[in-house]
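Analysis of the macromolecular model
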Number of protein chains: 2
Amino acid sequence: MNIHDLDTPALLIDVNVLDRNLRKMAQYCKDHRLTLRPHTKTHKMPEIARLQLQHGAAGITVAKLGEAEVMADAGIDDILIVYPLWGEKKWARLVDLARRVRVTVAVDSLAVAAGISKAAKAAGTEIGIRAEFDTGFHRCGWPIAASSMDEIQKIIALPGLRWDGILVYPGHIMGNQTIREQDIEREDETMDALFKILGSASIPYPVVSGGNTPAAFASHRFHGLTEIRPGTYVFNDRNTVDAESAEFANCALAVLVTVVSTSVSQRAIIDSGSKTLSADPLLSGDRLGYGYVLGHPEFKLEDLSEEHGHLTIPSGTKINIGDRLRVIPNHACTCINLHDRVFVVQGEHVVEEWKVAARGKVA
Amino acid sequence: MNIHDLDTPALLIDVNVLDRNLRKMAQYCKDHRLTLRPHTKTHKMPEIARLQLQHGAAGITVAKLGEAEVMADAGIDDILIVYPLWGEKKWARLVDLARRVRVTVAVDSLAVAAGISKAAKAAGTEIGIRAEFDTGFHRCGWPIAASSMDEIQKIIALPGLRWDGILVYPGHIMGNQTIREQDIEREDETMDALFKILGSASIPYPVVSGGNTPAAFASHRFHGLTEIRPGTYVFNDRNTVDAESAEFANCALAVLVTVVSTSVSQRAIIDSGSKTLSADPLLSGDRLGYGYVLGHPEFKLEDLSEEHGHLTIPSGTKINIGDRLRVIPNHACTCINLHDRVFVVQGEHVVEEWKVAARGKVA
């Protein structure tokens, strides 16, 4: 099938660009002896998770238990859930999962670890545990303080758990903006302080996991990191380009759209709004716009209704109903989560259709 | 089943509040002799569409052809598609649909109308047509000018089409802010100018369709309106409350969430982020926050990650991992589109589970 035969809107993945992105990150991790455990929340597709493993990933990362179940069903056998799982229902599902695959959970409370331990012990299985620390993003994670070590030591002593090490999510410096030297230095010092505190408390940390896409290629500069969990690097998006972490030529994901209305002067309406592209804002610069129209920097995707994209076009531009465009979304992860399927393309050919199998797995 | 037995996050619809919302709008339309053709993009569920029809709606409105197909499959037999449908594939699906149900399409170009006409004529069927005019929102719609009438007359003369009248979407005055007197007056004058131009060109307009939720209850003040297409009124949300069109007690849709982390001081993390609530902003006031925590005006849902909601809580507040809260989303329509199912509740009882059957029908 040719791209021209697709109805729109349609999500396209350029398999050549995807392949380049996968190779680049794999090579970087190999060069710097970092374990790659990519975050699959970005794509939610076992097909891409398998490609990541083929390119040397040691396992995958997910945010939700439902995503882990989909990936395990597809044969992925080493899964890190970076999420504090709470409640008897989730713990029961977690031990079911642990019977099938190697599973590890990041926790930041004794309460969550104790619940998991109890369920694992009762089921006669073992769940990997990592402790999350807050290096400054202030979302999850114990504070980096000697007083945090008491709970960690209690967790290490719990039955049914396999102590794995520590985990950080430095969203405050890696959150889609150009990485600054002083931020890297400060983060490195913060991590160093954490290592000292862990050492004083005689807490081992075989794994030190961190990193996301915008700062992924600076990971070797963080002292002590053994693993990174980038997600968006497989596709890249307008935000990673804006953060100077990629160029539009490195964006593997685009939405194929059609111009459906040109009634209003200096405007063209495309058939993709916030329910197709997601309303996630641009995270840096002028923060304006909801996507980049490939080959048309002069078009501004100024506003989104739910099903309409409002393109502002320079006066005199020739644009017609039926014209097709490709839009790079601001945020690949939330865009893909709106879709049931993607079309894998090579040049103008549609070579495969993949199901977004873990889409909507919120629990 | 009891609500406490549900795992979270879970989308809840309070059936008593839903019923009150349905009755209120039905009564308003009856009192003012307005046809009610609710926009089902809000809920995407045939169950609620059927309730709307039981409460006197004349038919339903949808944005996308895929939504129309789902509703027709569920037995809804009068559907308005407020969207310019373009392309052979869509026209083929449209005439298939027209063989099963009464279907009408809003157009704002001769090109789209001609495509539909050709397909309808070839299939020996008939498609209803309405002309959309731009009263100031500048999204779709012909300008209100004598020069627009040429195309309208050509459309009326096309075979295979059933001329139905006109349609407006006054998003510029109804877009989630308190309606101002002068805006109503100006819109009324704009509509009046349109009627005069149509009259001069001898174009009949049996249907004059307009309106959305925030201004729905002011619809009788727009001279000449025969029909309204509100969507959000079935649920209401933080935006309609902020626009003073409803109160939180009138919000039928809430996300049941669980506190999963309290490691960071003055913060509680809930298990719902932008992939559960949607990142749609508040459209008026300070534009801050991503939802309202029922019963806790002192909690601020300050930020969303994809799967984490960042609640800021006053110091000294007692909040624990495992606590459950209900969050009213900023925008019901984009929130529900992220979910496969909803739980219908009455008090603490889960009385039904509905599938969001038209979710993700982007084409």
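Thresholds applied
- Residues numbered from 1 in each chain as written.
- Chains lettered and ligands numbered in written order.
- Predicted model: local features only at pLDDT ≥ 70, side-chain atom pairs only at ≥ 80, totals over all residues.
- Heavy atoms only, no water.
- Least-squares fit on C-alpha atoms with pLDDT ≥ 70 in both.
- Contact = heavy atoms within 4.5 Å.
- pLDDT = per-residue confidence, 0-100.
- Phe/Tyr/Trp six-rings, centres within 6.5 Å; stacked < 30°, edge-to-face > 60°.
- Lys NZ or Arg CZ within 6 Å of the ring centre and 35° of its normal.
- Buried area = accessible area lost by both parts, 1.4 Å probe.
- Salt bridge = Lys/Arg side-chain N within 4 Å of Asp/Glu carboxyl O.
- Polar contact = N/O pair within 3.5 Å; in protein donor to acceptor, adjacent residues only side chain to side chain.
- Helix = DSSP H or I, 4+ residues; strand = E, 2+ residues; numbered from the N terminus.
- Nonpolar A, V, L, I, M, F, W, Y, C, P; charged D, E, K, R; others polar.
- Axes fitted to C-alpha atoms, helices over the stretch in contact; angles between N-to-C directions.
- Parallel < 35°, antiparallel > 145°, perpendicular 65-115°, else oblique.
- Left-handed = near helix turned anticlockwise from the far one by under 90°.
- 1 Å grid on protein atoms, 1.4 Å probe; cavity = no way out; pocket = protein on both sides within 12 Å on 5 of 7 lines; lining within 4 Å.
- Points joined across faces, edges and corners; volume = space filled by probe spheres on them.
- Buried < 20%, exposed > 50% of the residue type's maximum accessible area, 1.4 Å probe, protein only.
- Pairing = 2+ DSSP bridges.
- Right-handed = clockwise from strand over helix to strand, strands pointing away.

Quick look at the relation of the copies chain A and chain B now. Least-squares fitting of chain A to chain B yields an RMSD of 0.0 Å, with the transformation described by 0.0 Å of translation along the axis and a rotation of 180°. A rotation of that kind, with that shift, is consistent with a two-fold axis. Looking at chain A, 100% of its interface residues are interface residues in chain B too, so the copies touch through the same face.

Moving on, we get to the confidence of the model for chain A. Residues of chain A with pLDDT of at least 70 account for 98%, and the chain-wide mean is 95. Reported for the predicted complex are a pTM of 0.96 and an ipTM of 0.96.

Here the focus is the packing of aromatic side chains. All names here are of chain B. For the structure shown, the criterion picks out twelve aromatic pairs over all chains. Here Phe133 and Trp142 contribute two aromatic rings whose centre-to-centre distance is 6.1 Å and whose plane-to-plane angle is 45°, an arrangement assigned as tilted. The ring of Phe217 carries the charged tip of Lys24 above its face, separated from the ring centre by 4.6 Å.

The subject of this paragraph is the interface of chain A and chain B. Contacts between the two partners involve 60 residues from chain A and, on the opposite side, 60 residues from chain B. Summing both partners gives a buried area of about 4,800 Å² for chain A against chain B, and 52% of it is carried by carbon and sulfur. At the junction of chain A with chain B, the criterion picks out ten salt bridges. Residue Lys90 of chain B is joined to Asp7 of chain A by a salt bridge in which the shortest nitrogen-to-oxygen separation is 2.8 Å. Here chain A is connected to chain B by 29 residue pairs in polar contact (both at pLDDT 80 or more). Contributing elements (two or more residues each) for the side of chain A that touches chain B: helix 4 (88–100), helix 5 (110–123), strand 7 (142–143), strand 11 (253–261), strand 12 (267–270), helix 10 (274–277) and helix 11 (332–336) of chain A. Residues belonging to the side of chain A that touches chain B are distributed by class as follows: 21 nonpolar, 19 polar and 20 charged.

Once that is clear, we can look at the packing of helix 4 (residues 88–100) of chain B against helix 5 (residues 110–123) of chain B. For any two helices packed against each other, the geometry comes down to the angle between their axes and how far apart the axes lie. All names here are of chain B. In the contact formed by helix 4 and helix 5, the axes pass within 9 Å of each other and the chain directions differ by 55°. Of the possible angle classes, the one that applies to helix 4 and helix 5 is oblique. In terms of crossing hand, the pair formed by helix 4 and helix 5 is right-handed. Two secondary-structure elements touch here, helix 4 through Trp91, Leu94, Val95 and Arg99 and helix 5 through Val112, Gly115, Ile116, Ala119, Ala120 and Ala123.

It is worth spelling out unusual backbone geometry at this point. Note the cis peptide between Thr8 of chain A and Pro9 of chain A, where omega equals -5°. In this fold, Pro9 of chain A is placed in the segment before strand 1 (10–14). Even without being a glycine, Lys44 of chain B presents a positive backbone phi close to 60°. Along the chain, the position of Lys44 of chain B falls in the loop between strand 2 (35–36) and helix 2 (46–54).

On to the pattern of salt bridges, then. Taken as a whole, this structure holds 48 salt bridges over all chains when the rule is applied. Where Arg359 of chain B meets Asp340 of chain B, a salt bridge forms, and the shortest distance between an N and an O atom there is 3.1 Å. A residue pair is termed long-range when its members are at least 10 positions apart, and Arg359 of chain B in the segment after strand 18 (349–355) and Asp340 of chain B in the loop between helix 11 (332–336) and strand 17 (341–346) qualify at 19 residues. Linked through salt bridges whose partners overlap, the residues forming this network are Arg37, Asp78, Arg102, Arg130, Asp164 and Glu227 of chain A.

In this structure the tally under the stated criterion is five cavities of 30 Å³ or more. Size it by volume and the largest cavity reaches roughly 110 Å³. What lines the largest cavity is a set of 14 residues, among which Ser278, Ala279 and Leu338 of chain A together with Ser278 and Leu338 of chain B lie closest to the centre. A breakdown of the residues in the lining of the largest cavity according to their chemical character gives four nonpolar, seven polar and three charged.

Right, let's get into the pairing of strand 6 (residues 127–134) of chain A. All names here are of chain A. Burial analysis of strand 6 places eight of its eight residues in the buried class, the great majority of the element. Side chains Ile127, Ile129, Ala131 and Phe133 project from strand 6 onto one buried face, and the interleaved Gly128, Arg130, Glu132 and Asp134 project onto a second face that is buried too. For strand 5 (residues 102–107) and strand 6, the ladder comprises four bridges, and the chain directions are parallel. The residue bridging Thr104 from the neighbouring strand is Gly128, located in strand 6. Viewed along the sheet, the connection from strand 5 through helix 5 into strand 6 turns out right-handed. Across seven bridges, strand 6 lies against strand 8 (residues 161–168) in parallel orientation. Along strand 8, the bridge assignment pairs Arg130 with Gly165.

Residues and elements named next belong to chain A. Counting buried residues in strand 1 gives four out of five residues, a clear majority hidden from the surface. Relative to strand 17 (residues 341–346), strand 1 runs parallel, the two being bridged by three bridges. By the bridge assignment for strand 17, Ile13 is matched with Val344.

The subject of this paragraph is the side chain of Thr40 of chain A. Residue and element names in this part refer to chain A. Along the chain, the position of Thr40 falls in the loop between strand 2 (35–36) and helix 2 (46–54). Taking relative accessible area as the criterion, Thr40 reaches 1% and is therefore assigned buried. Apart from residues lying up to four places away in sequence, Thr40 is in contact with Ala49, Gln52, Ile60, Thr61, Val62 and Met71.

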